[in-house]
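Working through the structure, step by step
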Amino acid sequence: MPTLEGLEEAGLEKIPDLSIAKMRFELSLDSTTAKELKIDQAAVKEKLMDKIKAGFMTQLYRDVSSELKLTVNNSVLEEMETKNKEELEKLTQAIENAEKNEGESEVREAMVKKCEYLTLIGDKDGSLKMLKETLEKTNTTGHKLDLHFHLIRLGFFFNDNKIITTNLEKAKELIELGGDWDRRNRLKVYSGLYAMSVRNFQEAAENFLDTVSTFTSYELMDYLTFIKYAIISSMLALDRKDLTKKVVEGADINEVLHDLPLFKNFIYSLYNAQYADFFVALAEIEGFLKSDRLLAPHTSHYVKEMRIRSYAQLLESYSSLTVNYMANSFGVSEKFIDNELSRFITTGALNAKIDKVGGIIQTNRPDKKNWQYQAVIKQGDLLLNRIQKLSRVITI
């Protein structure tokens, strides 16, 4: 497990600054949600604007001012534009000088610096154009991968999934050609983060857990945030056996759980069948999800699926039990449990039935062999239908 102190320099440069994307997300929340999540939007706005002005981030200044309906200060804007123009001229001259007097590696380095500056000031189109030119001038696999990682981070910053997916695919192709150990691990973290952002928690969990002991992608997030994401993904994606082996008994994760009491309670309350405690922890986890810009869109889905998982875990232990017992186990009312189970049974999410007269819940464990047999029959029927349709076409 990487130590929490002193390892951030092992990551790539924090370009773009993803904390700015986080602040923009927090300011996009309605005031009621922000208050619920204890986000001081006035303080966030002040911090964001100070950071933008200090970094002469011209395009971000325009974009954020528009988003927040702020009046653009023309004198501030002009100062930013002047500073950007001067800096870009210096960077362009450095590239030209390298092309005339130095080698390919120096030219590439000068071009990378210009890419980074354009990204820092929030010029998305300029960054994409310059990164494309730099890729064309780059020959080594490792340096190409670093540029694709830069592009993926740009995609995360601007919530542009097309940029992310295109460059993830190119990075995967390059890794197969001979990427080193560090970049292979970095790609897993980037892939996991994207998978999580599009609700593919299975792939996210696999990638995150593979890199818990080798994490160095501090340009994306700090280590504790990474562990939080690994836990969130694993709790939903892994079966109990794998969850036990990779999370509950995972040495690297357990080493930092003392710094994450909520997440520790989230894991162990479900694992130890302390369902009332689990529901309390899940309510707090819901707040974390809502406050995270990548997970917020999936909050309702995640909380629902975790409730289903907890209900299924309890029901698997019994052939039947009373509604009252289950309600007491989860620390909720009988009416709540009745409504929840009725909904999830109807949709097929839970295998059980409720005797409302007797107040009894009867489990209906599916026979795995019978299910497989029925699936084969169904697939066989579909295949026969397709063959019959094809034969008609051929006959005609």
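Bear in mind the structure is a predicted one, so any value in this text is a computation, not a measurement.

What follows covers the overall build of the protein. Looking only at helices and strands, one finds 20 helices and three strands in the protein. Once the C-alpha set of the protein is aligned to its principal axes, its extents read approximately 85 × 65 × 45 Å. The burial tally for the protein puts 44% of its 396 residues in the buried class. Contacts in the protein between residues at least 24 apart in sequence constitute 61% of all its contacts with a sequence separation of at least 6. On the protein, roughly 21300 Å² of surface is accessible, and the fraction owed to carbon and sulfur atoms is 50%. Of the charged side chains in the protein, 54 are positive and 60 negative; the average position of the first set lies 6 Å away from that of the second.

Moving on: the pairing of strand β3 (residues 360-363). Only one face of β3 is buried: it carries Ile-361 and Thr-363, and the other face, with Ile-360 and Gln-362, is open. For strand β1 (residues 320-322) and β3, the ladder comprises three bridges, and the chain directions are antiparallel. Looking at β3, one finds that Ser-320 is bridged to Gln-362. Here strand β2 (residues 352-355) folds back onto β3, and the loop between the two strands holds four residues, one of which, Gly-359, carries a positive phi near 65 degrees.

Quick look at unusual backbone geometry now. Of note, the amide linkage connecting Ile-15 to Pro-16 takes the cis form, showing an omega dihedral of -5 degrees. Counting through the fold element by element, Pro-16 comes out in the segment before α1 (18-28).

Running from N to C, helix α8 (residues 141-157) and helix α10 (residues 181-197) cross one another at 20 degrees; their axes reach a closest spacing of 11 Å. Judged by the inter-axis angle, α8 sits roughly parallel to α10. Crossing angle aside, the handedness with which α8 passes α10 is left-handed. Residue-level inspection shows Gly-142, His-143, Leu-145, Asp-146, Phe-149, Ile-152, Arg-153 and Phe-156 of α8 in contact with α10, the latter providing Arg-183, Arg-186, Leu-187, Tyr-190, Leu-193 and Tyr-194. Broken down by class, the residue content of the contact of α8 with α10 amounts to eight nonpolar, two polar and four charged.

This part is about the packing of helix α15 (residues 261-271) against helix α16 (residues 275-291). At a minimum axis separation of 8 Å, α15 and α16 run at an interaxial angle of 140 degrees. Taken together, the axes of α15 and α16 are oblique relative to one another. Crossing geometry of α15 relative to α16 is assigned as left-handed. Mapping the contact onto sequence places Leu-262, Phe-263, Asn-265, Phe-266, Ser-269 and Leu-270 in α15 and Tyr-275, Asp-277, Phe-278, Ala-281, Leu-282, Glu-284, Ile-285 and Phe-288 in α16. Classifying every residue of the contact of α15 with α16 by side-chain character gives ten nonpolar, two polar and two charged.

So, on to helix α6 (residues 104-120). An α-helix turns once per 3.6 residues; consequently, residues spaced three or four apart project the same way. A rise of 1.5 Å per residue sets the reference length of α6, with its 17 residues, at 24 Å; its end C-alpha atoms lie 24 Å apart and thus fit the reference within 8%. Within α6, burial applies to Val-107, Arg-108, Ala-110, Met-111, Val-112, Lys-114, Cys-115, Tyr-117, Leu-118 and Thr-119. Tucked inside the fold, the buried residues of α6 contact α5 (74-101), α7 (124-136) and α8. One or two steps after α6, the chain reaches Gly-122, where phi turns positive at roughly 85 degrees.

Within the secondary structure, Ser-269 sits in helix α15. Given the relative accessible area of 0%, Ser-269 is considered buried. Here the side chain of Ser-269 touches Asn-265 through a polar contact of 2.6 Å, landing on its backbone oxygen. Not counting residues within four places of it along the chain, the set of residues in contact with Ser-269 comprises Gln-274, Tyr-275, Asp-277, Phe-278 and Ala-281.

Chain-level pLDDT for the protein is 91 on average; 92% of the residues reach the 70-or-more range. Low pLDDT, under 50, characterises residues 3-9; the stretch is placed with eight contacts to residues that sit more than four places away or in other chains.

According to the stated counting rule, one finds 18 salt bridges in the structure shown. Between Glu-26 and Lys-22 there is a salt bridge; the shortest N-O distance is 2.5 Å. One end of the pair, Glu-26, and the other, Lys-22, are both in helix α1, four residues apart, so they sit about a helical turn from each other. With a relative accessible area of 42%, Lys-22 lands in the partly exposed category. Of the charged contacts in the structure, one is a salt bridge between Lys-290 and Glu-36, with a shortest N-O distance of 3.2 Å. Remark: Glu-36 occurs in helix α2 (residues 31-36) and Lys-290 occurs in helix α16; sequence separation between them is 254 residues. Residue classification places Lys-290 among the partly exposed residues on the basis of a relative accessible area of 25%. Here the salt bridges do not stand alone but share partners, grouping Glu-36, Glu-286 and Lys-290 into one network.

What counts and what doesn't
Position labels on residues start from 1 in each chain and follow its written sequence. Under the rules for a predicted model, residues below a pLDDT of 70 receive no local features and side-chain atom pairs below 80 are neither given nor counted, while totals for whole chains, interfaces and linings still include all residues. Based on all heavy atoms of the structure, the side-chain values leave hydrogens and waters out of the count. Under the DSSP-based scheme used, a helix requires at least four consecutive residues in state H or I and a strand at least two consecutive residues in state E, with every element numbered from the N terminus. Throughout this description, buried means an accessible area under 20% of the type-specific maximum (1.4 Å probe, protein chains only), exposed means over 50%, and partly exposed covers the range between. Contacts are assigned to residue pairs with any non-hydrogen atoms lying within 4.5 Å of each other. In this description, accessible areas are obtained by the Shrake-Rupley approach with a 1.4 Å probe, and a residue is regarded as covered only by the protein chains that are shown. For the charge count, each Lys or Arg is scored as positive and each Asp or Glu as negative, with His and the chain ends excluded. Charge placement uses NZ in Lys and CZ in Arg. For Asp and Glu, CG and CD serve respectively. Pairing between strands is defined by DSSP: at least two bridges between the two strands are required. Here an axis means a line fitted to C-alpha atoms, over the contact stretch when the element is a helix, while the angle between two N-to-C directions is reported on a 0 to 180 degree scale. Any angle from 65 to 115 degrees is called roughly perpendicular, while one under 35 is roughly parallel, one over 145 is roughly antiparallel, and all others are oblique. Left-handed describes a crossing whose near helix is turned anticlockwise from the far helix through less than a right angle; right-handed describes the clockwise counterpart. Three classes are used, and their members are as follows: Ala, Val, Leu, Ile, Met, Phe, Trp, Tyr, Cys and Pro are nonpolar, Asp, Glu, Lys and Arg are charged, and the others, Gly among them, are polar. The span expected for a helix works out to 1.5 Å for each residue beyond the first. Within 3.5 Å is the distance limit for a polar contact, defined as a pair of N or O atoms, with the added protein rule that one can donate a hydrogen and the other accept it, and that residues adjacent in sequence qualify only through two side-chain atoms. A residue's pLDDT is simply how confident the predictor is in it, with values from 0 to 100. The rule for a salt bridge is simple: a side-chain nitrogen of Lys or Arg has to be within 4 Å of a carboxyl oxygen of Asp or Glu.

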